[in-house]
Protein chains: 2
Amino acid sequence: MPPRHPSDDHTPNQVDVARLAGVSTQTVSRVVSGQQNVRPETARRVMAAVDELGYRVHAAAASLASGRTRILGLIVVSTDRYSTSALSVGIEHAAAANRYTVTTAAVPDHASNDAFIEAFDRLERQGAEGVILGVPVALDNKAMQLRTARTPSTRVERPSTDADAPLIVDQYAIARLAVEHLLDLGHRTVWHVTGDPFWLETTQRQAAWEQVLIERGITPPPLIPGDWTPESGYRAGRTIAAIPEATAVFVSSDEMAFGLMRALHEAGRSVPDDVSVVSVDDIALASYASPALTTVRQPFEEMGRAAALRLITHLEGTETEGELPDTHPELIVRASTAAPRK
Amino acid sequence: MPPRHPSDDHTPNQVDVARLAGVSTQTVSRVVSGQQNVRPETARRVMAAVDELGYRVHAAAASLASGRTRILGLIVVSTDRYSTSALSVGIEHAAAANRYTVTTAAVPDHASNDAFIEAFDRLERQGAEGVILGVPVALDNKAMQLRTARTPSTRVERPSTDADAPLIVDQYAIARLAVEHLLDLGHRTVWHVTGDPFWLETTQRQAAWEQVLIERGITPPPLIPGDWTPESGYRAGRTIAAIPEATAVFVSSDEMAFGLMRALHEAGRSVPDDVSVVSVDDIALASYASPALTTVRQPFEEMGRAAALRLITHLEGTETEGELPDTHPELIVRASTAAPRK
DNA sequence: TTGTAAGCGTTATCAG
DNA sequence: CTGATAACGCTTACAA
């Protein structure tokens, strides 16, 4: 076989660059990975060779040699809930800013624990250095603990079982904002339509709602179950409409609030004159509901950023690029709440 | 240094498994990657060793050796548009079913072409074997063509410049469904509120809307520009409200329709009595608008599945797991459309 | 059916 | 500041 021409068919590698620049592969590696101890002139020559050849590091080879993949795993639930995409956008940004890459594993809604484990395994196999749990996984089982022990993980919300965990979004603050707004308006009590009980937020908000009422000496009325969907909100609305003394409702998502208000409207109960409604999320459509929704805004993108940053910080044991975002919820008052009728 | 104990600190590798099972690493590789030519008894022994050691293939090493990463890249735009998450869920599912992994790169909304290139590079560097463009990238430039030439890519929508490309969702069919519905109801013409001109769908739907009108001998009225947001829909609604002869509107997204109907309502024009509205998407809230939206459903998850499957098929040159999903749009008639007043 | 040998392209370590 | 050399853990030949 004749000696191969330098610029052959194969994609250029370090050796090619080194040869062209007249240095060793090690120097190429140093230049490409931005280390400082290279003479500027040498670095320039290497970069020129890199450009000429169109060289780029081979991630797999670099991982194998260095033991680092710079991959972040993300487990999400397959829903079209508005929050999911905003969350991942935030995560992706924080990752990219720190030169990490995000690999996603989706699990079906209401999946069994096995499905989460399987997703986690997929991510680990792929080389994820850390995993972000965008899902309500239970962590109190052997299989999951085994995995989170060897691969650092963060969850977006704060697990109820671990009050000390660094917290990204305070579900208690959300519920408190909503309930106190209603109470301060003069309502005697506040009814609550829950989210899907599968999710941690649901139980946390519910507990907070109860707590705030009790602090004010009010006995919480019966819970009205929901599952995040507008349909479940509609059903809850029919329930509420049948309770004449209900004048204020805290609904766990904007989407459910749309359904709820429709049911109320159909039953001839006016919002906010007969019933005040406050929900959670502040999706883009919230101000286009009729009436416009009073809601507690969740800064999803910031939450995603915060989760990723927290994980990366843990991974590197040092500071990261970018400020830690503000993830405080905020009450947005619009037209769906008012003082109760005399 | 004393000889190391077999089960030492390092994560177990093929050598460890081979030693424990009393076979060569090659046999371990064969068993683990599911090749058939291994005696069942041997395979069993190997699997036992794998389980005992908790061994899993090192993806980077496997990639380096085989030259395959089984990574699919996905470029998405950082928006919380409902479609994005549904799309990626579909992609992720199809990928997982074919043992591929999805890596996401997000670019800002309205990003420059450079941002797309940069995202593409990130994905390539990561080892993506193919890239799904969930974004309206222009492909008519050198830099992009260079990349799509070496890394197979699919886009979710059909580029207007390439009518022969296998098509995932037919924007013409969507517009036709909407416009003909309105015309068949007896409206003399149909006004159109566009999406963000940055997106291909926008121009495609707009062209289709024009075409259908012209086919029926109707001169298209002036375009009303939008940008997907409910706010832009609201502005469009004010425009429409000021045009007494406008009785039918085709709005390019449900979210804009919410804004539009709110503006119409405020202007005292009733939907559907004065103005009929049909939009596109069929988001979960569409039936909870007031009135409930007549809309053209887009099966986003199926679209994502289809895009991924198409790419994987191309990559493997063979058939893939799972039927090719049906991505036909469908008209959902609800309460926002009616015959025009006499 | 199983094993041996030779890389894959990079980074770490240690010399110079 | 730069270079030689040895891993990293796996798969693809090829041989037995």
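Residues numbered from 1 in each chain as written. Chains lettered and ligands numbered in written order. Predicted model: local features only at pLDDT ≥ 70, side-chain atom pairs only at ≥ 80, totals over all residues. Heavy atoms only, no water.

A. Region of the structure containing the relation of the copies chain A and chain B. When chain A is fitted onto chain B, the two copies agree to an RMSD of 0.1 Å after a turn of 180° and an axial shift of 0.0 Å. A rotation of that kind, with that shift, is consistent with a two-fold axis. Of the interface residues in chain A, 100% have counterparts in chain B that sit at the interface too, so the contact is made through matching surfaces. (Least-squares fit on C-alpha atoms with pLDDT ≥ 70 in both. Contact = heavy atoms within 4.5 Å.)

B. The arrangement of the side chain of Thr-294 of chain B in detail. All names here are of chain B. Along the chain, Thr-294 turns up in strand E8 (residues 294-297). Within the structure, the side chain of Thr-294 is placed 2.8 Å from the backbone nitrogen of Arg-334, a separation counted as a polar contact. In this structure the side chain of Thr-294 is engaged in a polar contact, spanning 2.9 Å, whose partner is the side chain of Thr-337. Ignoring sequence-local partners within four residues, the contact set of Thr-294 consists of His-181, Val-277, Val-278, Ser-279, Leu-331, Ile-332, Val-333, Arg-334, Ala-335, Ser-336 and Thr-337. (Helix = DSSP H or I, 4+ residues; strand = E, 2+ residues; numbered from the N terminus. Polar contact = N/O pair within 3.5 Å; in protein donor to acceptor, adjacent residues only side chain to side chain.)

C. Broad picture of the sheet that holds strand E1 (residues 71-77) of chain B. Spatially, eight strands are ordered E4(A)-E3(A)-E1(A)-E2(A)-E2(B)-E1(B)-E3(B)-E4(B) in an open sheet, and the strand pairing comes out mixed. What marks the edges here is a single partner per strand, and that holds for strand E4 (153-155) of chain A together with strand E4 (153-155) of chain B. Direction aside, the axes of adjacent strands within the sheet are offset by 25° on average. Bridge count between strand E3 (residues 130-133) of chain B and E4 of chain B: three bridges; the pairing is parallel. Bridging from a neighbouring strand, Leu-133 of chain B pairs with Arg-155 of chain B of E4 of chain B. In the packing of helix H12 (residues 300-316) of chain B onto the sheet, contacts are made with E1, E3 and E4 of chain B, and the angle to E3 of chain B comes to roughly 155°. (Pairing = 2+ DSSP bridges. Axes fitted to C-alpha atoms, helices over the stretch in contact; angles between N-to-C directions.)

D. Structural view of the protein's contact with DNA strand C. Around DNA strand C sit 23 residues, and of these Gln-14, Gln-26, Ser-29 and Tyr-55 of chain A together with Thr-42 of chain B come closest. In DNA strand C, atoms within 4 Å of the protein come from the sugar-phosphate backbone in 61% of cases. Contacts to DNA strand C include His-58 of chain A, whose backbone N or O atom sits 3.3 Å from a phosphate oxygen. Arg-30 of chain B places a polar side-chain atom, nitrogen or oxygen, 2.8 Å from a base nitrogen of DNA strand C. Elements that contribute at least two residues to the surface near DNA strand C include exactly helix H2 (25-32) and helix H4 (59-66) of chain A together with helix H2 (25-32) and helix H4 (59-66) of chain B. In terms of residues, the surface near DNA strand C owes the most to one element, H4 of chain A, which gives four residues. (Near = heavy atom within 4 Å.)

E. Inspection of the pattern of salt bridges at higher detail. With the rule as written, the count across this model stands at 35 salt bridges over all chains. We note a salt bridge from Glu-129 of chain A to Arg-68 of chain A, for which the minimum N-O separation is 2.6 Å. With Glu-129 of chain A in the loop between helix H6 (113-126) and strand E3 (130-133) and Arg-68 of chain A in the loop between H4 and strand E1 (71-77), this pair connects stretches of sequence that are 61 residues apart. As a salt-bridge pair, Arg-176 of chain A and Glu-180 of chain A come within 3.4 Å of each other at their nearest N and O atoms. Here Arg-176 of chain A pairs with Glu-180 of chain A, and both are found in helix H8 (residues 171-184), just four residues apart, close to one helical turn. Relative accessible area serves as the criterion here: at 24%, Glu-180 of chain A is assigned to the partly exposed category. Bridged by salt links that share partners, the residues Arg-56 of chain A together with Asp-121, Glu-124, Arg-147 and Arg-150 of chain B form one connected network. (Salt bridge = Lys/Arg side-chain N within 4 Å of Asp/Glu carboxyl O. Buried < 20%, exposed > 50% of the residue type's maximum accessible area, 1.4 Å probe, protein only.)

F. The arrangement of the pairing of strand E2 (residues 101-107) of chain B in detail. Residue and element names in this part refer to chain B. The buried fraction of E2 amounts to seven of the seven residues, a majority that puts the element mostly inside the structure. Neither face of E2 is open: one carries Thr-101, Thr-103, Ala-105 and Val-107, the other Val-102, Thr-104 and Ala-106, and all of them are buried. Bridge analysis of E1 against E2 gives seven bridges, and the strand direction is parallel. Bridging across to E2, Gly-73 finds its partner in Thr-103. Traced from E1 through helix H5 (residues 82-97) to E2, the parallel crossover comes out right-handed. (Right-handed = clockwise from strand over helix to strand, strands pointing away.)

G. Looking closely at the interface of chain A and chain B. Each side of the interface is counted separately: chain A has 50 residues, and chain B has 50 residues. Interface of chain A and chain B: buried area, both sides summed, is about 4000 Å²; carbon and sulfur atoms make up 56% of it. Taken as a group, Arg-56, Leu-285 and Tyr-288 of chain A account for 18% of the area that chain A buries against chain B, more than any other trio of residues on that side. For the interface between chain A and chain B, the tally reads six salt bridges. Between Glu-124 of chain B and Arg-56 of chain A there is a salt bridge, with its nearest N and O atoms 2.8 Å apart. Across the chain A-chain B interface, the total number found is 14 residue pairs in polar contact (both at pLDDT 80 or more). Of all elements in the fold, only H4, helix H5 (82-97), strand E2 (101-107), H6, helix H10 (230-241) and helix H11 (254-266) of chain A reach the threshold of two or more residues within the side of chain A that touches chain B. Here the side of chain A that touches chain B takes eight residues from H5 of chain A, the largest share from any one element. Considered class by class, the residues forming the side of chain A that touches chain B number 23 nonpolar, 15 polar and twelve charged. Sheet topology places E2 of chain A next to E2 of chain B; three bridges connect them, and they run antiparallel. (Buried area = accessible area lost by both parts, 1.4 Å probe. Nonpolar A, V, L, I, M, F, W, Y, C, P; charged D, E, K, R; others polar.)

H. Highlighting the UniProt feature "domain: HTH lacI-type" (unreviewed entry) in chain A. Sequence positions flagged by UniProt for "domain: HTH lacI-type" (unreviewed entry) are, in local numbering, residues 12-66 of chain A. When the span residues 12-66 of chain A is considered, its composition is 69% helix and 0% strand, and the gap between its end C-alpha atoms is 20 Å. (UniProt positions renumbered as here; feature names shortened; annotations may be inferred.)

I. Quick look at the sheet that holds strand E9 (residues 330-332) of chain B. Residues and elements named next belong to chain B. Ordered in space as E5-E6-E7-E8-E9, the five strands form an open sheet in which the pairing is mixed. Every other strand in the sheet has two partners, leaving strand E5 (191-193) and E9 as the edge strands with one partner each. In this sheet, adjacent strand axes meet at a mean angle of 20° when their direction is disregarded. Two elements, E8 and E9, share three bridges in a ladder whose sense is antiparallel. In the strand pairing of E9, Val-296 is matched with Leu-331.

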